[in-house]
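Listed below are the residues making up each chain.
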Amino acid sequence: MSDHLPSASQEAQTFWLQWVEAAFPDLESRAYFLPPVYFNRVPMSRQLIADQNVLVLQSAPGQAGQCSSPTTVSYPPSPEEGPQPALVQDSDVRNDAAMQRLLVCLQHLFELMSDQNKEVLVTLSQLQFGQYLGEPSYAAAAAQLPRPANISPSLPREWKRGDFDVLLIHRQYGLVICEVKASGDNVEALSMSQEDINHIIRNKLREAILQLNKAEAMLSHLVSDIALGLRITKTIALPNLTAHQVQQAVSGDTQLSQDLCLCLGTPDPAAITSLCLCCDQLSDPKTPWDVSDNVGRQLKTWWQRRVAGAGPDSHMTDDVYKTLVARFCGPATTVSVPCTCPPRVSVKTLGQAVSHTGECYTAEITLFPEQVNLLSDAPPRLYLTGPPGTGKTVVLLLMAALWLQSGSDVYIVSTCTESHTVCNMLYHQLLHTIHKQNDTTVTSGQPHFLQYHLDQGEDVDKAVDDLSKAVKGDTLYVIADEAARPHWFSPLCDKLLRQVSRLHLWAASCFHGYAPTGWPVEYLTRPLRSPPAVVREVVQDVRMSALEPRVKPYTERGVPDHTDGPPVRQLYHRPWEGHSGRWPENCVKCGDQVASLLHSLRVGVQDDTTTTSTSSGRSPPGLQWRDVLVVVWRGDVSDNSGMVTGLRGADIPVRVMKDEDIEDVATARSDVVWVTRENHVRGLERKVVVCVESVPDNSSRLHPMSRCTSQLVIVTPEDPPSEQE
């Protein structure tokens, strides 16, 4: 690296290095991915329901693999809503799926190899050339450094613009750039001839060569002042094509074969496909997260052949590696994720990824089209059922808001212990809806909150009496979430219906078969509120996986998820390793482990330099303690429990939920980590949920794990090694 930089540049680079060392504390010992999880572009439209902006998820336009008319994420014309969002085309959806699958496999590869020798590297995806050292606040410091704007004028002008699909900065092997081509997933559906297939593959490979050569020239320029001669390895990923398909297309075109040999640095045309990543070496596109042992072996073989086989790059020292990371990953470079409406979101750290995932699923009200139609049809009585996180509570909220908007009072009725908190939350959300209305000429109704224990028998008559007194004219509007079992709830509905001729009552429960006799039932089964990584854990609950499940299984979403989500974290309660107590909720060391994980996500850090917004991309809000929920299954928990003691000893503001705390928890008023039993928080959602299992028997997943909208943490007891054998 040049020693003749202006002092401003030297000072800035020193700060950039300190920044990445704080953001990535294991920089010298592990692999990092930026962004830490991959985010997709999701086709949506925007609709106004009860004066609230609602995102409506849409299926990708056209047949898979075709680039048909785009889906517009459109907003009502209102000055408060900012710039118009971008278009999401089917090709975007396909490219995202291919990129996500590739990155999942690469993460698995480096985790697999770290067991033998630590792979120290940083992987960036979809980094635009212009984002490198592009932050205006660092323009003066970056002015004397190689940047895209001052690349050699002898190169084509268009080479100044572009991106690195995947860029690896490896501590030993130098730089690796990978161009990703998603073509090939629709050839069977379109019944294309072999000649047409070969033609498409050849064109994509020619594009890849041009883009790799452009990326190599740009990268050589950007690192020229750090170390001359740094090795740059190029490769092509074709996640939807087999090696045989690629070889077949290449073998029929001598010029393309020669160009590929030159680009990939091999004299042997037969070696071309072995230097690329094809679908043979990647996970199944239907289950991209499931990387088999065979795929792992294929990936290791490819890595050895394409990258590691050349041996370490002598130019890549510790200082060079850190400088590269400081430049490409530090505050002067924006690492953003795809978005449909500016500004782009900058996500570098895992904590930011966890926060942004939660924002994607809950920051704005989101529905499927059939749920919007349900609100439009608005039958007077309806029972919603389906697995957790499918939008039942959201639909109830919007229906109640529509009733209020019409000038009617709405009664939020909690029927049992399990429904107290979520109904309290609905009540306060409706209050907020009324208070934020700016048009004072609109006369809206008022929400009312009523709480009962229908399992105590006499409360049924009391509820009927209270609600009958609330009837205006002959009309009554009632919402009941997490409705109690039918032998408690049905008598209430039957008696009300006999006394109120125009009864409007919408209720919900995840258990099917609870609806009052004769009532219309709507099944909501498409996952809406949690990323797939969480949903895959929830579906293992015996109440969903049994031959005759009590909860309807999830159905295919039919729309891309925002992201697969952060990987689920598993912590173990191991008495033979110094853990105390029989169960994890009684263990101080388990509390220490959870606290360490929360601190690694930088929860509650207010002055975190890794979460400051930039002019090129806003950072997601930093994780707060109120974003975290610790849910204990079956076991008792108190202020003296080991888990609570461990958290408190790590300076985490933690409180055990009691009955008088229901409103506080429902509204997330206090910035603390709440610890509670699962039956007290049904219907609530948090970005980080720690599920403390007393017995890992797949009966503890349905309610606690489904509360998670981003990072799921499971703490479970583990048998001693001898018993496992």
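Residues numbered from 1 in each chain as written. Predicted model: local features only at pLDDT ≥ 70, side-chain atom pairs only at ≥ 80, totals over all residues. Heavy atoms only, no water.

1. Some words on the overall build of the protein
Rules: Strands here mean DSSP runs of E at least two residues long; helices mean DSSP runs of H or I at least four residues long; both are numbered from the N terminus. Based on C-alpha atoms, the radius of gyration is set beside the globule rule, defined as 2.2 Å times the residue count to the power 0.38. Note on definitions: a residue-residue contact is assigned when non-hydrogen atoms from the two residues lie within 4.5 Å.
From N to C terminus, the protein includes 21 helices and 25 strands. Whereas a compact globule of 725 residues would reach a radius of gyration of roughly 27 Å, the protein reaches 28 Å, a difference of no more than 12%. Expressed along its principal axes, the backbone C-alpha trace of the protein runs to roughly 85 × 60 × 55 Å. Restricting to contacts in the protein with at least 6 residues of sequence separation, those with at least 24 account for 76%.

2. Some words on the nonpolar core
What counts is decided by this rule: As used in this record, nonpolar core signifies buried Ala, Val, Leu, Ile, Met, Phe, Trp, Tyr and Cys residues forming a set joined through side-chain atoms within 4.5 Å. To sort residues, take the accessible area from a 1.4 Å probe on protein chains only and compare it with the maximum for the residue type: under 20% means buried, over 50% means exposed, and anything in between is partly exposed.
Among the nonpolar cores identified, the biggest contains 93 residues, and Leu-367, Leu-476, Ile-479, Phe-489, Leu-505 and Trp-506 are the most heavily contacted of them. It is helix H11 (residues 392–405) that provides the largest number of residues to this core, a total of 10 residues. Look past the residues within four positions of Phe-489 in its chain and what remains in contact with it is Tyr-383, Thr-415, Leu-454, Ala-480, Ala-483, Ala-484, Leu-505, Ala-507 and Pro-516. Core analysis: the second largest hydrophobic core is formed by 66 residues, Ile-151, Val-246, Ala-249 and Val-320 among them.

3. Description of the sheet that holds strand S10 (residues 277–278)
Threshold: For two strands to be treated as a pair, DSSP must find no fewer than two bridges joining them. Helix axes are fitted to C-alpha atoms over the stretch in contact, other axes to C-alpha atoms as well, and angles between N-to-C directions run from 0 to 180 degrees.
Pairing is mixed in the open sheet, where 6 strands are placed in the order S1-S6-S7-S8-S9-S10. Each of the sheet's edge strands pairs with one partner strand only, and the pair in question is strand S1 (31–34) and S10. The strands that helix H4 (residues 194–222) touches are strand S7 (163–170), strand S8 (174–180) and strand S9 (232–238); relative to S9, the one it contacts most, it runs at about 150 degrees. Along the sheet, helix H8 (residues 318–329) contacts S1, strand S6 (121–128), S7 and S8; its crossing angle with S6, the most-contacted strand, is approximately 30 degrees.

4. Some remarks on the packing of aromatic side chains
Condition: Between rings of Phe, Tyr and Trp, where Trp is taken as its six-membered ring, a pair exists when centres lie within 6.5 Å; planes separated by under 30 degrees are stacked, by over 60 edge-to-face, and by other angles tilted. Charge-over-ring contacts are defined here by two conditions on Lys NZ or Arg CZ: a distance within 6 Å of the ring centre and an angle within 35 degrees of the ring normal.
Summed over the entire model, instances satisfying the criterion amount to 15 aromatic pairs. Judged by centre distance (6.0 Å) and plane angle (55 degrees), the rings of Trp-302 and Trp-303 are tilted. For the pair shown, Trp-302 and Trp-303 are each scored as buried. One aromatic cluster in this structure is built from Phe-33, Phe-110, Tyr-173, Trp-302 and Trp-303. Here the basic side chain of Arg-30 rests over the ring of Tyr-32, its NZ or CZ set 3.9 Å away from the ring centre. Here the guanidinium or amino end of Lys-552 rests over the ring plane of Tyr-523, the centre of that ring lying 5.1 Å away.

5. Details of the sheet that holds strand S21 (residues 628–633)
Strand pairing in a sheet relies on backbone hydrogen bonds, with the paired strands running either antiparallel or parallel. Within the open sheet, the 6 strands sit side by side as S20-S25-S24-S21-S23-S22. Their pairing is parallel. The sheet terminates laterally at strand S20 (569–573) and strand S22 (654–656), the two strands that pair on one side only. On average, adjacent strands in this sheet sit at an angle of 20 degrees to one another, irrespective of strand direction. Both S21 and strand S23 (residues 673–677) contribute to a ladder of 4 bridges, which runs parallel.

6. Considerations on the environment of Lys-552
Residue placement: Lys-552 occurs in the loop between helix H16 (542–545) and S20. Between the alpha carbons of Lys-552 and Ser-283 there is a distance of 28 Å; along the sequence they are 269 residues apart. Ignoring sequence-local partners within four residues, the contact set of Lys-552 consists of Pro-387, His-512, Tyr-523, Thr-525 and Met-544.

7. Some points on unusual backbone geometry
Of note, the amide linkage connecting Leu-34 to Pro-35 takes the cis form, showing an omega dihedral of -10 degrees. Tracing the backbone through its elements, the reader meets Pro-35 in the loop between S1 and strand S2 (44–49). One non-glycine residue, Ala-50, adopts positive backbone phi at about 55 degrees. Take Ala-50: it is sitting in the loop between S2 and strand S3 (52–57).

8. Side note on the pairing of strand S24 (residues 686–693)
In terms of residue burial, S24 counts as a mostly covered element, since 8 of its 8 residues are buried. Where S21 and S24 come together, 6 bridges link them in parallel fashion. Along S24, the bridge assignment pairs Leu-629 with Val-689. Two elements, S24 and strand S25 (residues 708–717), share 6 bridges in a ladder whose sense is parallel. Across the sheet, residue Val-688 finds its bridge partner in S25, namely Gln-711.

9. Looking at the side chain of His-579
Along the chain, the position of His-579 falls in the loop between S20 and helix H17 (588–600). Leave out the neighbours within four places in its chain, and His-579 touches Tyr-572, His-573, Arg-574, Cys-587, Lys-589, Cys-590 and Gln-593.

10. What about the pattern of salt bridges?
Going by this rule: Put simply, a salt bridge is a Lys or Arg side-chain nitrogen that is within 4 Å of an Asp or Glu carboxyl oxygen.
Within the structure shown, the criterion is met by 32 salt bridges. A salt bridge links Lys-204 to Glu-207; its shortest N-O distance comes to 3.7 Å. Here Lys-204 pairs with Glu-207, and both are found in helix H4, just 3 residues apart, close to one helical turn. For Glu-678, the salt bridge is made with Arg-682, and the minimal N-O distance between the two is 3.1 Å. The two residues Glu-678 and Arg-682 agree in class, both being buried. Taken together, the shared-partner salt bridges connect Arg-655, Asp-661, Glu-663, Asp-664 and Arg-669 into one network.

11. Overview of the packing of helix H2 (residues 90–113) against helix H7 (residues 293–306)
A pair of packed helices can be characterised by two numbers: the angle between their axes and the separation between those axes. Just so we agree on the cut-off: Roughly parallel here means an angle under 35 degrees, roughly antiparallel means over 145, roughly perpendicular means 65 to 115, and every remaining angle is called oblique. Residue type decides the class: Asp, Glu, Lys and Arg count as charged, Ala, Val, Leu, Ile, Met, Phe, Trp, Tyr, Cys and Pro as nonpolar, and the leftover types, Gly among them, as polar.
The interhelical angle for the contact between H2 and H7, taken along N-to-C directions, is 85 degrees, at an axis separation of 10 Å. What the angle tells us is that H2 and H7 run roughly perpendicular. Between H2, through Cys-105, Leu-106, His-108, Leu-109, Phe-110, Leu-112 and Met-113, and H7, the contact on the second element is made entirely by Gly-296, Leu-299, Lys-300, Trp-302 and Trp-303. Of the residues belonging to the contact of H2 with H7, the class tally is 9 nonpolar, 2 polar and 1 charged.

12. A closer look at the state of the cysteines
The following threshold applies: A pair of sulfur atoms, both from cysteines and within 2.5 Å, is called a disulfide here.
For the structure shown, the criterion picks out 0 disulfides. Left unpaired, Cys-178 is separated from the closest cysteine sulfur, that of Cys-276, by 8.6 Å. Given a relative accessible area of 8%, Cys-178 falls into the buried group. A disulfide-free cysteine, Cys-416 has its sulfur positioned 8.2 Å from the sulfur of Cys-423, the nearest such atom. Exposure remark for Cys-416: the relative accessible area of 5% places this residue in the buried category.

13. Here's the deal with helix H14 (residues 486–499)
For clarity, the cut-off: One fewer than the residue count of a helix, multiplied by 1.5 Å, yields its expected span. Here, the arc refers to the directions that run from the helix axis to the C-beta atoms.
For H14, spanning 14 residues, the distance from its first C-alpha to its last is 19 Å, which sits close to the expected 20 Å at 1.5 Å a residue. Buried residues of H14: Phe-489, Ser-490, Leu-492, Cys-493 and Leu-496, and no others. All buried residues of H14 project into a common sector of 160 degrees when viewed along the axis, lining one side. The outward face of H14, more than 90 degrees from its buried face, is lined by the exposed residues His-487, Arg-498 and Gln-499.

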